[in-house]
Amino acid sequence: MVNGNYVNGDVEIFYAKSTQPNHKVCMHITSKHIELLNNSIRNLVNLKMEYWIGSTMDMDAFLCCAEKNLSELEGIVFVDDPAMEERETSKLGMFFEVDHNNISHYNQRWGINITSEGKYIALSPNEINNFYDTNKMSFKPYRGTLNIISELVFLHEIGHLATSVTDNIYRQHRTECESQANWFASLNLDFTKKYLLGEKTKFQPPEYQDYFTNPRLMPGQVFVNPCNGTIIDVKLYDKKVYDMIQKLRR
């Protein structure tokens, strides 16, 4: 499944029975998904070589673990709604881990046939469409925004895959976990897509809205938060990332 540190095209794909591959959102698997995953691994390798104000063995261990997690994606599942229980609010996507205790629950809930334990990402073309249709006036100035939002959702779930905190930690620290996933997604984005990622969080629950981006990929010498226009102190940024990662360590 893995060639060195990079994922090849053998990631398994599952469609729920009612999900149509020819959906309006081009989210059925293409080489683009594998490209985004591999770019995430490359950007993580680059990140490991950067200077961190809080650089320690713990940070290095975290980055190495994240790189390993990205190489272990078992599959991508396309479902009408990734919410695991009827009472949950709808989700655009979800990272989840399958083991012998929960594999039948996922298969029965979604009408699929996962057979291997491991790390998975679920995506919902239906919910991504609904999200875009509801909020498209805010995104109208940007061409191809529906596909961009689909990409942002996938990268956000890749961020959860990279960090892979336990369910217990996620329940206790949802804001930090969602911020960390968006921060990781921002490593792969240009300025415009970073801005759109920030705009996307405005229409999501509060725990998604403590969004901050990676300033090193911004143009010019002055780093500006694309969401609110504030100047970013890179040393304070590094410390914020480091402190958040330390808080979420298993």
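As shown above, the structure is provided for reference.
Residues numbered from 1 in each chain as written. Predicted model: local features only at pLDDT ≥ 70, side-chain atom pairs only at ≥ 80, totals over all residues. Heavy atoms only, no water.

S.K.: Can you walk me through the overall build of the protein chain in this structure?
M.R.: Helix and strand counts for the protein chain stand at nine helices and six strands. Excluding contacts between residues fewer than 6 apart, the proportion of contacts in the protein chain whose partners are at least 24 apart in sequence is 70%. (Helix = DSSP H or I, 4+ residues; strand = E, 2+ residues; numbered from the N terminus. Contact = heavy atoms within 4.5 Å.)

S.K.: What's the story with the packing of aromatic side chains in this structure? I'm lost.
M.R.: One pair of aromatic rings is described through two measures. These are the centre distance and the angle between the planes. With the rule as written, the count across this model stands at eight aromatic pairs. Aromatic side chains Phe-96 and Tyr-106 sit 4.5 Å apart centroid to centroid with 35° between the ring planes, which places their arrangement in the tilted category. With Phe-96 in strand S5 (residues 93–98) and Tyr-106 in helix H3 (residues 103–110), the pair connects residues that are ten residues apart, well separated along the chain. As far as burial versus exposure is concerned, Phe-96 and Tyr-106 are alike and both buried. For the ring pair Phe-139 and Phe-203, a centre distance of 5.9 Å and an interplane angle of 70° mean the geometry is edge-to-face. Of the two residues, Phe-139 sits in helix H4 (residues 125–139) while Phe-203 sits in the loop between helix H8 (191–201) and helix H9 (234–247), which places them 64 residues apart along the sequence. With a relative accessible area of 34%, Phe-203 lands in the partly exposed category. Following the ring pairs from residue to residue traces out a cluster consisting of Phe-96, Tyr-106, Trp-110 and Tyr-120. (Phe/Tyr/Trp six-rings, centres within 6.5 Å; stacked < 30°, edge-to-face > 60°. Buried < 20%, exposed > 50% of the residue type's maximum accessible area, 1.4 Å probe, protein only.)

S.K.: Sorry if this is basic, but what is going on with the pattern of salt bridges here?
M.R.: Within the structure shown, the criterion is met by five salt bridges. Residue Lys-68 is joined to Glu-72 by a salt bridge in which the shortest nitrogen-to-oxygen separation is 2.5 Å. The partly exposed category is assigned to Lys-68, whose relative accessible area is 47%. Judged by relative accessible area, which is 26%, Glu-72 ranks as partly exposed. The closest approach of N and O atoms between Glu-207 and Arg-174, which form a salt bridge, is 3.0 Å. Residue Glu-207 is found in the loop between H8 and H9, and its partner Arg-174 is found in helix H7 (residues 174–186); the two are separated by 33 residues along the sequence. (Salt bridge = Lys/Arg side-chain N within 4 Å of Asp/Glu carboxyl O.)

S.K.: I would appreciate a short explanation of the environment of Phe-62 in the present structure.
M.R.: The residue Phe-62 is located in helix H2 (residues 57–70) in this model. With relative accessibility at 16%, the residue Phe-62 sits in the buried group. Sequence separation of Phe-62 and Ile-245 is 183 residues, and the distance between their C-alpha atoms is 7.9 Å. Leaving out residues up to four positions away in the same chain, Phe-62 has contacts with Thr-163, Gln-180 and Ile-245.

S.K.: How should the sheet that holds strand S3 (residues 12–15) be read in this particular structure?
M.R.: Within a beta sheet, neighbouring strands are joined by backbone hydrogen bonds and run either parallel or antiparallel to one another. Spatial strand order, S3-S4-S6-S5: four strands in an open sheet with mixed pairing. Across the chains shown, the open sheet's two edge strands, defined by having one partner strand only, are S3 and S5. In this sheet, neighbouring strand axes are inclined to one another by 25° on average, regardless of whether the strands run parallel or antiparallel. Here five bridges tie strand S4 (residues 73–78) to strand S6 (residues 118–123), and the two strands are oriented parallel to one another. Residue pairing across strands places Phe-78 opposite Leu-123, the latter belonging to S6. Set on the sheet, H3 makes contact with S4, S5 and S6; between it and S5 the angle comes to about 140°. (Pairing = 2+ DSSP bridges. Axes fitted to C-alpha atoms, helices over the stretch in contact; angles between N-to-C directions.)

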